[in-house]
Amino acid sequence: QVQLVESGGGLVQAGGSLRLSCAASGGTFGHYTMGWFRQAHGKEREFVASVSWSGATTYYADFVKGRFTISRDNGKNTVYLQMNSLEPEDTAVYYCVADLLPAGVRAGRLYENGVDYWGKGTLVTVSS
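Draft legend 1. Looking closely at the environment of serine 7. Structurally, serine 7 can be placed in strand S1 (residues 3–7). Looking at serine 7, the relative accessible area reads 39%, which means it is partly exposed. Through-space distance from the C-alpha of serine 7 to that of glutamate 87 is 19 Å; in sequence the pair is 80 residues apart. Those residues in contact with serine 7 that lie beyond four places of it in its chain are Arg19, Leu20, Ser21 and Thr122.

Take a look at the structure:
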């Protein structure tokens, strides 16, 4: 079983930055498309970003507006989400996900019911 453990969440002022990390174990990290979802209180879970096996391609939700960057380090079995210019609307629990896909598949939108593994989430709170 693949296990995903997020870290880096916390409280930040509007306009500030955070970098989330997701450490993977129990599988072949390089065979998974990795990504992030988030869920604000009282709202549905939504896709944030994804990155392909090699890290060559990425895909972002429209609301990111160039503020977030997803990356991965296969040597460290870790995926990152750099979040800049944070706004109170970004407040949510952020979840790391892993999706087993064939080699050569480009990063794209991931769907909640289609991913293979989920982390337990890390809370990001942005104050105004």
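Draft legend 2. Molecular detail of the pairing of strand S4 (residues 32–39). Most of S4 sits out of view: seven of its eight residues are buried. Two elements, S4 and strand S9 (residues 92–100), share eight bridges in a ladder whose sense is antiparallel. Bridge pairing in S9 links glycine 35 to valine 97. When S4 meets strand S5 (residues 46–51), the two strands line up antiparallel, connected through five bridges. Across the sheet, tryptophan 36 pairs through a bridge with alanine 49, a residue of S5. Where S4 hands over to S5, the hairpin turn is made up of six residues, of which glycine 42 adopts a positive phi near 80 degrees.

Draft legend 3. Structural detail: the state of the cysteines. This model, assessed by the stated rule, comprises one disulfide. In this model cysteine 22 forms its disulfide with cysteine 96; the gap between the sulfur atoms is 2.1 Å. Its S-S torsion of about -80 degrees marks the bond between cysteine 22 and cysteine 96 as left-handed, since a negative value means left-handed. Placement of the pair is cysteine 22 in strand S3 (residues 18–25) and cysteine 96 in strand S9, with a sequence separation of 74 residues. There is no split in this pair, since cysteine 22 and cysteine 96 are both buried.

Draft legend 4. Just the nonpolar core, in detail. Met34, Trp36, Val79, Leu81, Met83 and Tyr94 are the most contacted members of the largest nonpolar core, which totals 28 residues. Among the elements of the structure, S3, S4, S5, strand S7 (68–73), strand S8 (78–83), S9 and strand S11 (122–127) are those that each provide at least two residues to this core. Setting aside its immediate chain neighbours within four residues, methionine 34 contacts Leu4, Cys22, Phe29, Ala49, Ser50, Val51, Ile70, Arg72, Val79, Cys96, Val97 and Ala98. Residues Phe47, Ala61, Val97 and Leu110 belong to the second largest nonpolar core, which totals six residues.

Draft legend 5. Looking closely at the pattern of salt bridges. Under the criterion given, the structure shown has four salt bridges. A salt bridge links arginine 38 to glutamate 46, with the shortest nitrogen-to-oxygen separation between them at 2.8 Å. A salt bridge links arginine 38 to aspartate 90; the shortest N-O distance between them is 2.9 Å. Here arginine 38, found in strand S4, pairs with aspartate 90, found in the loop between S8 and S9; they are 52 residues apart in sequence, far enough to count as distant.

Draft legend 6. Molecular detail of the layout of surface pockets. In this structure, the largest pocket encloses a volume near 170 Å³. Residue lining of the largest pocket: Arg38, Gln39, Ala40, Lys43, Glu44, Arg45, Glu46, Pro88, Glu89, Thr91 and Ala92, and that is the complete set. Residues that form the lining of the largest pocket fall into these classes: three nonpolar, two polar and six charged.

Draft legend 7. Expanded view of unusual backbone geometry. With a phi angle near 55 degrees, lysine 65 is a residue other than glycine that sits in the positive phi range. Structurally, the position occupied by lysine 65 is in the loop between strand S6 (58–60) and S7. Here serine 85, not a glycine, exhibits a phi torsion of approximately 50 degrees, which is positive. Relative to the elements of secondary structure, serine 85 occurs in the loop between S8 and S9.

Conventions used here
Throughout, residues of each chain are indexed from 1 in the direction in which the sequence is written. With the structure being a predicted model, the display of local features is reserved for residues of pLDDT at least 70 and the display and counting of side-chain atom pairs for 80 or more, all residues being used for whole-chain, interface and lining totals. With hydrogens and water excluded, all non-hydrogen atoms of the structure serve as input to the side-chain values. Per the convention used, a helix needs a DSSP run of H or I reaching at least four residues, while a strand needs a run of E reaching at least two, with both numbered from the N terminus. Partly exposed describes any residue whose relative accessible area lies between the buried limit of under 20% and the exposed limit of over 50%, with all areas from a 1.4 Å probe on protein chains only and scaled to the type maximum. Contact between two residues is taken to exist if any of their heavy atoms lie within 4.5 Å; hydrogens are not considered. What makes two strands pair is DSSP finding at least two bridges between them. Our working definition of a disulfide is a cysteine sulfur pair at a distance within 2.5 Å. We call a set of buried residues a nonpolar core when its members are Ala, Val, Leu, Ile, Met, Phe, Trp, Tyr or Cys and they connect through side-chain atoms within 4.5 Å of each other. Just to be clear on terms, a salt bridge is a Lys or Arg side-chain nitrogen sitting within 4 Å of an Asp or Glu carboxyl oxygen. In this analysis a 1.4 Å probe is tested at points of a 1 Å grid over the protein atoms alone, and where it fits but cannot get out there is a cavity; an open set with protein on both sides within 12 Å along at least five of seven lines is a pocket; lining residues have an atom within 4 Å of a point. Grid points are joined across faces, edges and corners, and a volume is the space filled by probe spheres set on the points. Residues are grouped as follows: Ala, Val, Leu, Ile, Met, Phe, Trp, Tyr, Cys and Pro are nonpolar; Asp, Glu, Lys and Arg are charged; all remaining types, including Gly, are polar.

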